[in-house]
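Okay, here's what each chain looks like letter by letter:
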Amino acid sequence: MMHMTFYWGIKATILFDFWKTDSWLSYILTLLACFVFAAFYQYLENRRLQFKSLSSTRHPPPSRTGVSAPLIPKSGTRSAAKAASVLLFGVNAAIGYLLMLAAMSFNGGVFIAIVVGMTVGYLFFRSDDDGGNAAAENPCACA
């Protein structure tokens, strides 16, 4: 039976019928997986925003080494960065919705693991953003 309120316990079904926890080991591994996927969501969001800013610039950013030969030709830089941004948006949306559905298992530990994972991911991957894109600061994983 699916819970409709938060509960605390090691018995949980996450996303699929075959992903059930019935021991402390399986529960802790599930919490670790939720934590890692939530942090990975923030990493991918950072990469997506970098590709998006790269595709919106008129000129490629100057290289640090002084070499002016980019790996991607100048004419294709914007289109390649835009394609990468679009692809990452789709992958990130899928991960975000899966995280949301996992949180909707209403298991308190799973919920906390996801929130802490997103917080730690934000700290490591996105906290040094310049804040130029306020629309990207939506804390909802599925947005």
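- Under an unreviewed UniProt entry, the name given to the protein is Copper transport protein, and the organism recorded is Brassica carinata.
- Turning to the protein, the UniProt annotation filed under Sequence similarities (unreviewed entry) states: "Belongs to the copper transporter (Ctr) (TC 1.A.56) family. SLC31A subfamily."
- Word for word, the UniProt comment on the protein under Subcellular location (unreviewed entry) is "Membrane".

**A closer look at the overall build of the protein**
At step 1: Along the protein, the regular secondary structure elements total three helices and two strands.
At step 2: Starting at the N terminus and walking to the C terminus, you meet the elements of the protein as β-β-α-α-α.
At step 3: Sorting the 143 residues of the protein into buried and exposed places 32% on the buried side.
At step 4: Sequence separation of 24 or more characterises 72% of the internal contacts of the protein that already satisfy a separation of 6 or more.
At step 5: Of the roughly 9,600 Å² of accessible surface on the protein, 69% is carried by carbon and sulfur atoms.

**Points about the side chain of N92**
At step 1: Summarising the element assignment, N92 is placed in helix α2 (residues 74–103).
At step 2: The contacts of N92, once residues within four sequence positions are left out, are Y41, L44 and E45.

**Details of the UniProt feature "transmembrane region" (unreviewed entry) in the protein**
At step 1: As annotated in UniProt, the feature "transmembrane region" (unreviewed entry) corresponds to residues 24–44, 80–100 and 106–125 in the numbering used here.
At step 2: For residues 24–44, helix accounts for 100% and strand for 0%, while the C-alpha atoms at its two ends are 30 Å apart.
At step 3: Secondary structure within residues 106–125 divides into 90% helix and 0% strand; the distance between the first and last C-alpha atoms comes to 27 Å.

**Overview of the side chain of N107**
At step 1: Here N107 lies in the loop between α2 and α3 (108–126).
At step 2: If we ignore the near neighbours within four places in the chain, the residues touching N107 are F6, Y7, G9, K11, A12 and Y27.

**Digging into the pattern of salt bridges**
At step 1: Counted under the stated rule, the structure contains one salt bridge.
At step 2: The closest approach of N and O atoms between R48 and E45, which form a salt bridge, is 2.7 Å. Placement of the pair is R48 and E45 together in helix α1 (residues 24–56), with a separation of three residues, close to one helical turn. E45 matches R48 in its accessibility class, with the two residues each being buried.

Conventions and cut-offs
Residues numbered from 1 in each chain as written. Predicted model: local features only at pLDDT ≥ 70, side-chain atom pairs only at ≥ 80, totals over all residues. Heavy atoms only, no water. UniProt positions renumbered as here; feature names shortened; annotations may be inferred. Helix = DSSP H or I, 4+ residues; strand = E, 2+ residues; numbered from the N terminus. Buried < 20%, exposed > 50% of the residue type's maximum accessible area, 1.4 Å probe, protein only. Contact = heavy atoms within 4.5 Å. Areas by Shrake-Rupley, 256 points an atom, 1.4 Å probe, with all protein chains shown as cover. Salt bridge = Lys/Arg side-chain N within 4 Å of Asp/Glu carboxyl O.

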